[in-house]
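Coordinate analysis (summary)
Here are the chains, one letter per residue:
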Amino acid sequence: MGLATLRATLVLAAIACCGTAALAAETDELGCEGEWAQSALCVERARALDSRAKAEAIMSSLGRVEQPPWAPGDLAAASALYDEGAALFRDEYFGDAADKFEPAFDQLQAIQDQFDMLVDDTTRTARNHLAQENFAEALAGFRQLLAWTPDDAAAKAGAEEADAGQRVVQVANEAKRLIEAGQPDRARTLLDNLAADIRPRALRSAQNVLRRFEAGVRHNALIGAGHAALDQRDWAAAEAAFANALAIDANSVAAKDGLAQVGRHSVEARLATLREALAAQVAQESWADAIATIGAIADLDAAAPEATAQLAEVQQLDALERRLDGALADPRRAVARTMRDATRALIESSGDRSRVGERIHAKSVELEQQLEQWTVPVAVTIHSDRKTEIQMRPGRKLGKFRSTELEVYPGRYTLVARRQGFREKKLALDVKPGSTPITVELVCDERF
């Protein structure tokens, strides 16, 4: 053991037995009461005591770990910081001491967190191995946990269970050999005669071998019954037999093949029903329902034409209607100067009634009318005093004038008036489609 490791271990042991008493004694001697408690000295000392206590608590916890898995240098570095803080504390440099205790605590907490994660991972892995009856791997995991914490009752119980499982493996293998040799009764007798001290969990793992054999016998009988029902074209009885066989063995190729034979006769009828529903949904322009129906058709027959060409067409119509709905819901954006070309293209792409249907076509016509309304300019007259500079946003500078007339498209505008030595004025102008001519007056007449 290196000097740094030995020193860290001694510190841990000392803190584990004496740290709490020392902290209580120092706390009693503080004398920081009343108004004095808020002094800089008392505040720094309280901070130092708090950070030291947290560091000592983790050091005490880590000190109880046997055969620790962390690197000795990590603990030594944290211990060195703690010792520096302790020396500063004794010299009443409380703020500096806290600056040492706090990073020491952070490093110790990181070690503790990594150790806790390692314990959790090891425990979870060992329990998984035990659940899967991988007894050797489970035993190794529980023994590792006991090497760190010998008093861990759960790890002790797991190790005992895994050890018992290993001892029963030999008996289980012999029972399996007898079963494969067609002697299940001898196998059962052998399993029933296992030593009484074998834990139930391990005993069950051996008994599982016999149960699997018996399940295999039932599975084979069901497969035979299923094929007999197929020969008689009794589809319901065949499906029940193969399904029960698959419940016994989820990987049974014979059961899966039998169910596939039963299922094939109903696929065409199901496809016909779905195609009839799809035609009605397309006629009603119920795109979401149509897409779901096409998905069901594709599940039954991936090569069906509906799964490719018609799906693409329905998805395009669905997307087209969504875009039309968005444009109609937000007309200002749809007819904005930067969006007009896109809106016109949208109208053009949805103009073929025979392709898009009545509802989409009606929305296209409505959007076209809306675009026309929003692209008819409205006359705006602005009166001023020839001294005020007028600017329209969005738009341009209009300059100084007594009166000017503009034509603007519907939308929201802001008129900004400026004149040196006077307060700036702003006027919101909401020009709606089909508005009558608008007249406003804007003058800067309020001095600073």
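Residues numbered from 1 in each chain as written. Predicted model: local features only at pLDDT ≥ 70, side-chain atom pairs only at ≥ 80, totals over all residues. Heavy atoms only, no water.

**Things to note about the overall build of the protein chain**
- Looking only at helices and strands, the protein chain features 16 helices and seven strands.
- Each of the 448 residues in the protein chain was classed as buried or not, and the buried ones make up 35%.
- In the protein chain, the proportion of contacts linking residues at least 24 apart, taken out of those at least 6 apart, comes to 57%.
- Surface exposure of the protein chain reaches about 25,900 Å², of which carbon and sulfur atoms provide 51%. (Helix = DSSP H or I, 4+ residues; strand = E, 2+ residues; numbered from the N terminus. Buried < 20%, exposed > 50% of the residue type's maximum accessible area, 1.4 Å probe, protein only. Contact = heavy atoms within 4.5 Å. Areas by Shrake-Rupley, 256 points an atom, 1.4 Å probe, with all protein chains shown as cover.)

**Focus on the pattern of salt bridges**
- Enumeration over the complete set of coordinates arrives at 13 salt bridges.
- Between D50 and K54 there is a salt bridge, with the nearest N and O atoms lying 3.9 Å from each other. Remark: K54 and D50 occur in helix α2 (residues 40–63); sequence separation between them is four residues, near one turn of the helix.
- Using a relative accessible area of 38% as the deciding quantity, one classes K54 as partly exposed.
- The partner of D385 in a salt bridge is R419, and the shortest N-O contact between them spans 3.8 Å. Of this pair, D385 sits in the loop between β1 (378–383) and β2 (389–393) while R419 sits in the loop between β5 (411–418) and β6 (425–431), and the two are 34 residues apart along the sequence.
- A single salt-bridge network, built from bridges that share partners, covers R47, D99 and E102. (Salt bridge = Lys/Arg side-chain N within 4 Å of Asp/Glu carboxyl O.)

**Here we look at the sheet that holds β1**
- Taken in spatial order, the three strands make up an open sheet running β4-β1-β7, and their pairing is mixed. Of all the strands in the sheet, the pair left with one neighbour each is β4 (403–408) and β7 (438–441). Pairwise comparison of adjacent strand axes, ignoring direction, gives a mean angle of 20° for this sheet.
- Judged from the six bridges that link them, β1 and β4 form a sheet pairing that is antiparallel. (Pairing = 2+ DSSP bridges. Axes fitted to C-alpha atoms, helices over the stretch in contact; angles between N-to-C directions.)

**Focus on the packing of aromatic side chains**
- On inspection of all chains with the given rule, the structure shows four aromatic pairs.
- Members of the aromatic cluster, joined through ring pairs, are W70, F115 and W148.
- Stacked on the ring of F89, the Lys or Arg R52 has its end atom at 4.9 Å from the ring centre.
- Above the plane of the ring of F105 lies K54, whose end atom (NZ or CZ) is 5.0 Å from the centre. (Phe/Tyr/Trp six-rings, centres within 6.5 Å; stacked < 30°, edge-to-face > 60°. Lys NZ or Arg CZ within 6 Å of the ring centre and 35° of its normal.)

**A look at the sheet that holds strand β3 (residues 397–399)**
- Strand order in the open sheet formed by four strands is β3-β2-β5-β6, with antiparallel pairing between adjacent strands. Each of the sheet's edge strands pairs with one partner strand only, and the pair in question is β3 and β6. The mean inter-strand angle of the sheet, taken between neighbouring strand axes irrespective of direction, is 20°.
- Direction of pairing for β2 relative to β3: antiparallel, over a ladder of two bridges. Of the residues in β3, the one forming a bridge with I390 is G399.

**Here's the deal with the nonpolar core**
- Counting residues in each nonpolar core, the largest one holds 34 residues, and the members touching the most others are L108 and F142.
- The element contributing the most residues to this core is helix α4 (residues 94–131), with eleven residues.
- Leave out the neighbours within four places in its chain, and L108 touches A55, I58, M59, L62, L75 and A78.
- By size, the runner-up hydrophobic cluster in this structure holds 23 residues, among which are L278, A304, V335 and L371. (Core = buried A, V, L, I, M, F, W, Y, C linked by side-chain atoms within 4.5 Å.)

**What about the pairing of β5?**
- Both β2 and β5 contribute to a ladder of five bridges, which runs antiparallel. Along β5, the bridge assignment pairs I390 with A417.
- Between the antiparallel neighbours β5 and β6 lie six residues, among them G421 with a positive phi of about 85°.

**Topic: a positive patch on the surface**
- Where like charges cluster on the molecular surface, the positive patch consists of R386, K387, R402 and R447.
- Inspection of the secondary structure assignment puts R386 in the loop between β1 and β2. (Patch = residues over 30% accessible without salt bridge, like charges linked within 9 Å, V, L, I, M, F, W, Y side chains within 5 Å. Lys, Arg positive; Asp, Glu negative; His and termini not counted. Charge placed at Lys NZ, Arg CZ, Asp CG, Glu CD.)

**Observations regarding the packing of α4 against helix α5 (residues 135–148)**
- The geometry of α4 relative to α5 is characterised by a closest axis approach of 8 Å and an angle of 150° between their N-to-C directions. In terms of axis orientation, α4 runs roughly antiparallel to α5. For the pair α4 and α5, the sense of crossing is left-handed. Packed against α4, whose contacting residues are F115, L118, V119, T122, T123, A126, R127, H129 and L130, the element α5 presents F135, E137, A138, G141, F142, L145 and W148 at the interface.
- Tallied by class, the residues present in the contact of α4 with α5 amount to ten nonpolar, four polar and two charged. (Parallel < 35°, antiparallel > 145°, perpendicular 65-115°, else oblique. Left-handed = near helix turned anticlockwise from the far one by under 90°. Nonpolar A, V, L, I, M, F, W, Y, C, P; charged D, E, K, R; others polar.)

**Here's the deal with the pairing of β1**
- Taken together, the four bridges between β1 and β7 define a ladder with parallel strand orientation. From the neighbouring strand, T381 faces β7, where its bridge partner is T439.

**As for the environment of L311**
- With respect to the helices and strands, L311 occurs in helix α12 (residues 309–329).
- Counting along the chain gives 18 residues from L311 to T293, while the straight-line C-alpha distance between them is 9.7 Å.
- Residues in contact with L311, not counting those within four places in the same chain, are I291, I294 and E306.

**Section: the packing of α2 against helix α3 (residues 72–90)**
- Taken N-terminus to C-terminus, the directions of α2 and α3 make an angle of 145°; their axes are 11 Å apart at the nearest point. Note on packing geometry: the crossing formed by α2 with α3 is left-handed. Where α2 abuts α3, its residues R45, A48, L49, R52, A55, E56, M59 and L62 lie against L75, Y82 and F89.

**Concerning unusual backbone geometry**
- In this structure, P394 follows R393 across a cis peptide bond, with omega equal to -15°.
- Position of P394 among the secondary structure elements: in the loop between β2 and β3.
- If you check the backbone angles, E92 has positive phi at about 65° while not being a glycine.
- The topology assignment puts E92 in the loop between α3 and α4.

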